[in-house]
There are 2 protein chains.
Amino acid sequence: MTSPAKGAISEKLAGQLEKGSWIRKLFDEGKRLIDIYGADEVYDFSLGNPVVEPPEAFLKALADTVNSGELGKHQYIPNQGLPSARQKVADYLNGRYGGSVKPEHIVMTVGAGGGLNVVLKSILNPGDEVILLTPYFVEYDYYADNHGGVAVHVPLADDFSVDTERVARAITERTRAIIINTPGNPTGTLLTQDNLNELGKVLAEGEKKHGGLIYMVYDDPYSQLVYDAVPPNPFAAYGRTILVSSFSKDLGIAGERLGYVAVDASADDAQLLAQAFVFSNRTLGFVNAPVMMQRVITRMDTLAVEQQEYRKRRDLMVGVLQEAGYEFTVPQGGFFIFPKAPIADDVEFCLKAVQEHRLLIVPGSGFGRGGHFRLSYSVPIKQIERSGKVFKALLDSYR
Amino acid sequence: MTSPAKGAISEKLAGQLEKGSWIRKLFDEGKRLIDIYGADEVYDFSLGNPVVEPPEAFLKALADTVNSGELGKHQYIPNQGLPSARQKVADYLNGRYGGSVKPEHIVMTVGAGGGLNVVLKSILNPGDEVILLTPYFVEYDYYADNHGGVAVHVPLADDFSVDTERVARAITERTRAIIINTPGNPTGTLLTQDNLNELGKVLAEGEKKHGGLIYMVYDDPYSQLVYDAVPPNPFAAYGRTILVSSFSKDLGIAGERLGYVAVDASADDAQLLAQAFVFSNRTLGFVNAPVMMQRVITRMDTLAVEQQEYRKRRDLMVGVLQEAGYEFTVPQGGFFIFPKAPIADDVEFCLKAVQEHRLLIVPGSGFGRGGHFRLSYSVPIKQIERSGKVFKALLDSYR
């Protein structure tokens, strides 16, 4: 009955589950260790879960929302999102990027993950290519594939800036989008405005050469977690920019799934794009982004937040790694660092880390660049402080 | 630059937007009337937005969740959902259907809409057929198409029961699933256990004949809105049942987007299916169902709720329509009625309703059965009470 040609689940998905199994194996090993030794005796730097509590302004707005006597506040709302929440996002984006984003060109989404799927479904024709810059957040592969897209991987330069010449060579008549994520996962490095402007030029030239439209899909959820630097302005770099973001990191509400997609009013086809995003948000089954969180951000004076908590962790973590002797680019944002592994086989390195040092870190191959590992410093400060000896012992064991 | 072959949005989506425009036109006309005459002078029966407030137990659990000092409560959680919330759902389902659903075979989803997409992505191979019984919730077409499926439409009998012989004839070697929604949208009629058992037999025979696996995807969000009847038990009717539901209707929290997918422990491949659903929930960008609502249902003693508010509306609405002389099947659940239109052209009928009587109802063609119209009685009771004269005047104008 369960012939291989018609198994219990789709064939493609069966293959994808199989492919992801080595990462699960690593995590299972970590869990096993935590069960044996307790969380305090395991150094878990593997998870990208924002650990800083939401700001007071959010918590107050949440309490006010719940305590308000307003009726019907949990009902369906327009698929696009509450107008008041979209206005708040527009104000925030325009304050940040000095643009002219209007509420009617914003769609509230189920996090940035939901937003990226909404965007890709809206713009991709079957076989369209989506350029992904490696190392990268590998979920992008699935997001592109979900909607008939084909991922094209282009390596970032050694300092994790965009190698625009390589991008130029990768553009074909099927190129439909490039996803940019800065500061991002897994490197935490910030692109400069010059680098982004240069990329914008390359995309515009690609459009001219091949006659198609190429979007810069700008995945921006870490841009309020930036330290000692100013994040670049995507709208200034390229006209056909679609910004996707969330409140997962800056407000610390990743589990609540609130994000948005925005196009500047000056962009070509802004209205048609927004209409398409609304349609995709509905038909992919998101329907509308969770309504209570939209009411909460509506009540907040501003969505601009100061983030000192992650900076503190960044500084501590950088100190620990430098002291131990790791080679890495100091991240200017987010909560990840992507150091070089002392051996080429990063999977072996990370296995050794967990087995011999109870240290959970993720192999760079999982992000499309071997010979590195990713660590998240979105962890308790004490964990960073007491991790110095294990990071050092691990590296020393290769000397 | 914007050649037709590469427009601003995907070609398929451009066509879909175009196709849906007549419904939008009708709604725009309704909005225009509301702007002119005020909501009290327009009879809007067009929307399926659950209007009854959430039960006290939910509101208390929500307040307790927000007021609890628990840290990290808004962070990411496992993609599958909180174990405590899944336990609550398992208890509810087993109390309801007497089955053996376990928390590990439940995945919390972004509403039932999200759940259906998760299921279809997990089971469909390209070109697999999904049987949809008409009249139906037309979003199913998009859900199937999102994941490479092909919708096959099979009419329900005149009394809106399943015509199992027709289903048997529609099953091919590509049939992968049938979606059942009872009581449902747009008819509100309830399938009998006998009818569902008969369908189960037909599906099992179809599997045997063609050698593939066929799932009954049971879309169950209205099953706590059932009046003077016992809803059928899908697990008893067919082994390969995947239940999808939400708290949108019974708890009145449609905008919060909380639902789930469940497979009985006795089903073949229950564990593999759950694993696939978790993967799809993640890679479609849902990531996890909104966490706060999962904490809220965890705090509730039971998810079983009594629904007298919609029954009251159902009785009133049925009275209004009978008094006016409409021909229809009395619904046993949900909040929709699907009467016959007095003329074959239901779009013309509904246009006349809005233009001459300020009455907003939806043409049956929008649900795959012309000559009918759908009305939602999820509206204020006063609106039902004062609508008698317009429903009567509308019908009388054809006599």
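Note that this is a predicted model, so its numbers are computed, not measured.

**Details of the overall build of chain A**
Stage number 1. The secondary structure content of chain A amounts to 15 helices and twelve strands.
Stage number 2. The globule rule puts the C-alpha radius of gyration for 399 residues at 21 Å, and the 22 Å found for chain A is close to it.
Stage number 3. In terms of overall dimensions, chain A has a C-alpha envelope of 60 × 60 × 55 Å along the principal axes.
Stage number 4. Taken over 399 residues, chain A has a buried fraction of 62%.
Stage number 5. Taking contacts inside chain A between residues at least 6 apart in sequence as the whole, the part at least 24 apart equals 75%.
Stage number 6. Per element, the accessible surface of chain A, about 14,500 Å² overall, is 51% carbon and sulfur.
Stage number 7. Treating the 41 positive side-chain charges of chain A as one cloud and the 48 negative ones as another, the clouds have centres 3 Å apart.

**Section: the pairing of strand β2 (residues 101-109) of chain A**
Residue and element names in this part refer to chain A.
Stage number 1. Within β2, seven of the nine residues are buried, leaving the element largely enclosed by the surrounding structure.
Stage number 2. In terms of strand pairing, β2 meets strand β8 (residues 259-264) through five bridges, oriented antiparallel. Among the inter-strand pairings, Val101 is bridged to a residue of β8, identified as Asp264.

**Observations regarding unusual backbone geometry**
Stage number 1. The omega torsion across Thr134 of chain A and Pro135 of chain A is 0°, close enough to zero to call that bond cis.
Stage number 2. Relative to the assigned elements, Pro135 of chain A resides in the loop between β3 (129-134) and α6 (139-146).
Stage number 3. One non-glycine residue, Arg358 of chain A, adopts positive backbone phi at about 50°.
Stage number 4. Structurally, Arg358 of chain A can be placed in the loop between α13 (346-357) and β10 (359-360).
Stage number 5. Residue classification places Arg358 of chain A among the partly exposed positions, given a relative accessible area of 25%.
Stage number 6. The phi dihedral of Asp269 of chain B is positive, around 60°, even though this residue is not glycine.

**A closer look at the sheet that holds strand β12 (residues 373-376) of chain B**
Stage number 1. Strands sit in the order β9-β12-β11 (chain B) across an open sheet of three strands; the sheet is antiparallel. With partners counted over all chains shown, the strands left at the sheet margins are β9 (336-337) and β11 (362-363) of chain B, one partner each.

**Concerning the interface of chain A and chain B**
Stage number 1. Each side of the interface is counted separately: chain A has 82 residues, and chain B has 82 residues.
Stage number 2. In this assembly, chain A packs against chain B so that about 6,400 Å² is buried in total across both faces, 55% of it on carbon and sulfur atoms.
Stage number 3. At the boundary of chain A with chain B, the tally comes to two salt bridges.
Stage number 4. Taking the shortest distance from any N to any O, the salt bridge between Arg282 of chain B and Glu139 of chain A comes out at 2.8 Å.
Stage number 5. Taken together, the links from chain A to chain B amount to 44 residue pairs in polar contact (both at pLDDT 80 or more).
Stage number 6. Among the secondary structure elements, those contributing two or more residues to the side of chain A that touches chain B are α1 (11-19), α3 (56-67), α5 (111-123), α6, β5 (175-180), α10 (270-283) and α11 (291-299) of chain A.

**Considerations on the sheet that holds β5 of chain A**
Residue and element names in this part refer to chain A.
Stage number 1. Across the sheet, which stays open at both edges, the seven strands sit in the order β2-β8-β7-β6-β5-β3-β4 with mixed pairing between neighbours. The two strands at the open ends of the sheet, each matched to only one other strand, are β2 and β4 (150-155). Looking at each pair of strands side by side, their axes are set apart by 25° on average, direction ignored.
Stage number 2. Contacting β3, β4, β5 and β6 (215-219), α6 runs over the sheet at an angle of about 180° to β3.

**Let's talk about the domain arrangement of chain A**
Residue and element names in this part refer to chain A.
Stage number 1. Each assigned domain of chain A is listed with its residue range as follows: domain 1 (15-44 + 308-396) and domain 2 (56-299).
Stage number 2. Taken over C-alpha atoms, the centre of domain 1 sits 28 Å from the centre of domain 2.
Stage number 3. In this complex, domain 1 contributes 20 residues to the contact, which on the side of domain 2 involves 26 residues.
Stage number 4. Contact with domain 2 buries surface across domain 1, with Gln332, Phe367 and Arg369 losing the most and accounting together for 31% of the total.
Stage number 5. At the boundary of domain 1 with domain 2, the tally comes to two salt bridges.
Stage number 6. The closest approach of N and O atoms between Asp228 and Arg314, which form a salt bridge, is 2.9 Å.
Stage number 7. Where domain 1 meets domain 2, there are eleven residue pairs in polar contact (both at pLDDT 80 or more).
Stage number 8. Those elements that place two or more of their residues in the side of domain 1 that touches domain 2 are α12 (309-324) and β9 (336-337).
Stage number 9. In terms of residue count, the dominant contributor to the side of domain 1 that touches domain 2 is α12 (three residues).

**What about the relation of the copies chain A and chain B?**
Stage number 1. Mapping chain A onto chain B calls for a screw motion: a turn of 180° about the axis and a shift of 0.0 Å along it, with 0.0 Å RMSD after fitting. Considering both components of the superposition, the chain copies are consistent with a two-fold axis. When C-alpha positions in chain A are compared against the rotation axis, the closest is assigned to Pro290 of chain A, at 3.6 Å.

**Digging into the confidence of the model for chain A**
Stage number 1. On average, residues of chain A score 94 in pLDDT, and 97% of them reach the 70 mark or higher.
Stage number 2. Note on residues 1-5 of chain A: pLDDT under 50 across the span, and nine contacts to partners over four residues away in sequence or across chains.

**Looking at a negative patch on the surface**
Residue and element names in this part refer to chain A.
Stage number 1. A surface patch of like charges, here negative, comprises Glu165, Asp194, Glu198 and Glu205.
Stage number 2. In terms of residue count, the dominant contributor to the negative patch is helix α8 (residues 193-210) (three residues).
Stage number 3. In this structure, Glu165 sits in helix α7 (residues 164-170).

**Considering the packing of helix α12 (residues 309-324) of chain B against helix α15 (residues 388-396) of chain B**
Residue and element names in this part refer to chain B.
Stage number 1. For the pair α12 and α15, the least separation of the axes is 9 Å and the interaxial angle reads 35°. Relative to α15, the crossing made by α12 is right-handed. Together, Met317, Val320, Leu321, Glu323 and Ala324 of α12 and Gly388, Phe391, Lys392 and Leu395 of α15 make up the contact between the two elements.
Stage number 2. Residues of the contact of α12 with α15, tallied by class, amount to six nonpolar, one polar and two charged.

**Considerations on the environment of Ile178 of chain B**
Residues and elements named next belong to chain B.
Stage number 1. With respect to the element layout, Ile178 can be found in strand β5 (residues 175-180).
Stage number 2. When the C-alpha atoms of Ile178 and Ser223 are compared, they prove to be 18 Å apart, with 45 residues separating the residues in sequence.
Stage number 3. Among all residues touching Ile178, those that are not within four sequence positions of it are Ile131, Leu133, Val167, Leu199, Leu203, Tyr215, Met216 and Val217.

**Some points on the pairing of strand β12 (residues 373-376) of chain A**
Successive side chains on a regular strand alternate, one facing one side of the sheet and the next facing the other.
Residue and element names in this part refer to chain A.
Stage number 1. Burial along β12 is two-sided: Phe373 and Leu375 and Arg374 and Ser376, pointing in opposite directions, are all buried.
Stage number 2. Pairing analysis gives two bridges linking β9 to β12, with the strands arranged antiparallel. Note on β12: the bridge partner recorded for Ile337 is Leu375.
Stage number 3. In this sheet, β12 lies alongside strand β11 (residues 362-363) in antiparallel orientation, the contact comprising two bridges. Counted as the bridge partner of Pro363 is Phe373 from β12.

Cut-offs applied
Residues numbered from 1 in each chain as written. Chains lettered and ligands numbered in written order. Predicted model: local features only at pLDDT ≥ 70, side-chain atom pairs only at ≥ 80, totals over all residues. Heavy atoms only, no water. Helix = DSSP H or I, 4+ residues; strand = E, 2+ residues; numbered from the N terminus. Rg over C-alpha atoms; globule rule 2.2 N^0.38 Å. Buried < 20%, exposed > 50% of the residue type's maximum accessible area, 1.4 Å probe, protein only. Contact = heavy atoms within 4.5 Å. Areas by Shrake-Rupley, 256 points an atom, 1.4 Å probe, with all protein chains shown as cover. Lys, Arg positive; Asp, Glu negative; His and termini not counted. Charge placed at Lys NZ, Arg CZ, Asp CG, Glu CD. Pairing = 2+ DSSP bridges. Buried area = accessible area lost by both parts, 1.4 Å probe. Salt bridge = Lys/Arg side-chain N within 4 Å of Asp/Glu carboxyl O. Polar contact = N/O pair within 3.5 Å; in protein donor to acceptor, adjacent residues only side chain to side chain. Axes fitted to C-alpha atoms, helices over the stretch in contact; angles between N-to-C directions. Domains from an automatic or database assignment. Least-squares fit on C-alpha atoms with pLDDT ≥ 70 in both. pLDDT = per-residue confidence, 0-100. Patch = residues over 30% accessible without salt bridge, like charges linked within 9 Å, V, L, I, M, F, W, Y side chains within 5 Å. Left-handed = near helix turned anticlockwise from the far one by under 90°. Nonpolar A, V, L, I, M, F, W, Y, C, P; charged D, E, K, R; others polar.

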